[in-house]
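Chain by chain, the residues run as shown.
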Amino acid sequence: MPYKEKNMQKWIPLLALGAFSNLALAADWQLDNADSKVSFISVKKGDIAEVHEFNQLSGTLADNGEFKLEIPLSGVNTGIEIRDKRMQTMLFEVANFPTLTLTAQVPAELVEKLKPGELLSTEIDGVLSLHGKTQNKRFELVVARLGPSSLLVTSQKAVIVNAEEFGLTDGVEKLREIAGLSSISKAVPVSFVLRLNK
């Protein structure tokens, strides 16, 4: 075999590895469902507060800063199965509105300038889509670079979601009636911890 052909065969695997590495570097950040959590607090009868969460999350952060988080509302977890079912059908109406979606534009340099072990506080504007309605929300965040290919994004302050903003008032009232409660708060604080990996 001529020397040139041998030399080319030697370099082909290395070129392929380099191309793969470049693709990996260009890939989107993917949300790690196992290490992420979105939780909310409900208040009933004036002063009884309970913390709930969602079991399923998915999301991506593109290199151009486009962020998208999707939460299947059938994954609501209140710790009581019958209450989960009631929230799915009476409040969220998952048959018609199965998913909560958050989209936002994150400054690309925000992630790029963070070194492993560093964190920063920032604010971004996002669009929250729920129950057929959309609202603009501002999010106060802490972003930490855990390593070259791992980010942690947490809420610095809870985001208040009001039932009236998303057409959920009737659903809250149905839940109140069926549970025999004197009141359920229509303003709900939402917090999150999101881990993204490349």
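See above for the structure.
Structure report, in brief.

What counts and how
Residues numbered from 1 in each chain as written. Predicted model: local features only at pLDDT ≥ 70, side-chain atom pairs only at ≥ 80, totals over all residues. Heavy atoms only, no water. Buried < 20%, exposed > 50% of the residue type's maximum accessible area, 1.4 Å probe, protein only. Helix = DSSP H or I, 4+ residues; strand = E, 2+ residues; numbered from the N terminus. Pairing = 2+ DSSP bridges. Expected span 1.5 Å × (residues − 1). Arc of directions from axis to C-beta. Contact = heavy atoms within 4.5 Å. Salt bridge = Lys/Arg side-chain N within 4 Å of Asp/Glu carboxyl O. Phe/Tyr/Trp six-rings, centres within 6.5 Å; stacked < 30°, edge-to-face > 60°.

1. Digging into the pairing of strand 5 (residues 66-72)
- Judged by which residues are buried, strand 5 turns out to be one-sided: Phe67, Leu69 and Ile71 face inward and are buried, whereas Glu66, Lys68, Glu70 and Pro72, on the alternate face, are not.
- As paired strands, strand 4 (residues 58-61) and strand 5 are joined by four bridges and run antiparallel to one another. Pairing of Thr60 across the sheet is with Lys68, part of strand 5.
- In the sheet, strand 5 pairs with strand 7 (residues 99-105) via seven bridges, with the strands oriented antiparallel. In the strand pairing of strand 7, Leu69 is matched with Leu102.

2. A short note on helix 2 (residues 81-92)
- Between its terminal C-alpha atoms helix 2 stretches 15 Å, which fits the 16 Å expected from twelve residues at 1.5 Å a residue.
- Within the sequence span of helix 2, burial applies to Arg83, Asp84, Met87, Gln88, Leu91 and Phe92. Buried residues along helix 2 cover an arc of 140° about the axis, so they all sit on one side. Turned more than 90 degrees away from the buried face of helix 2 sit Glu81, Ile82 and Thr89, all of them exposed.
- In this fold, the buried residues of helix 2 make contact with strand 2 (37-44), strand 3 (48-54), strand 6 (76-77), strand 8 (119-130) and helix 4 (169-179).

3. Thoughts on the pattern of salt bridges
- Per the counting criterion, the structure on display carries eleven salt bridges.
- Across the pair Lys37 and Glu53 runs a salt bridge, and its minimum N-O distance is 3.5 Å. With Lys37 in strand 2 and Glu53 in strand 3, this pair connects stretches of sequence that are 16 residues apart.
- What makes Lys37 partly exposed here is its relative accessible area of 41%.
- We classify Glu53 as partly exposed; its relative accessible area is 25%.
- Close ionic contact of Arg138 with Glu123 constitutes a salt bridge, the shortest N to O distance being 3.0 Å. With Arg138 in strand 9 (residues 133-147) and Glu123 in strand 8, the pair connects residues that are 15 residues apart, well separated along the chain.
- Residue Glu123 is classed as partly exposed on the basis of its relative accessible area, which comes to 41%.
- Beyond isolated ion pairs, a larger network of salt bridges with shared partners links Lys44, Glu50 and Arg83.

4. Here we look at helix 4
- Every buried residue belonging to helix 4 is among Gly171, Val172 and Leu175, and all of these are buried. With its buried residues spanning 100° around the axis, helix 4 presents them on a single face. For helix 4, the exposed residues lying more than 90 degrees away from the buried face are Asp170 and Glu177.
- Of the residues trailing helix 4, Gly180 is marked for its positive phi of about 65°.

5. Observations concerning the packing of aromatic side chains
- Taken as a whole and judged by the stated rule, the model has three aromatic pairs.
- Arranged with centres 5.4 Å apart and planes meeting at 35°, the rings of Phe40 and Phe54 form a pair that is tilted. Placement of Phe40 in strand 2 and of Phe54 in strand 3 is noted, with a sequence separation of 14 residues between them. The burial state of Phe40 is the same as that of Phe54; both residues are buried.
- Among the aromatic residues, ring-to-ring pairing joins Phe40, Phe54 and Phe92 into one connected group.

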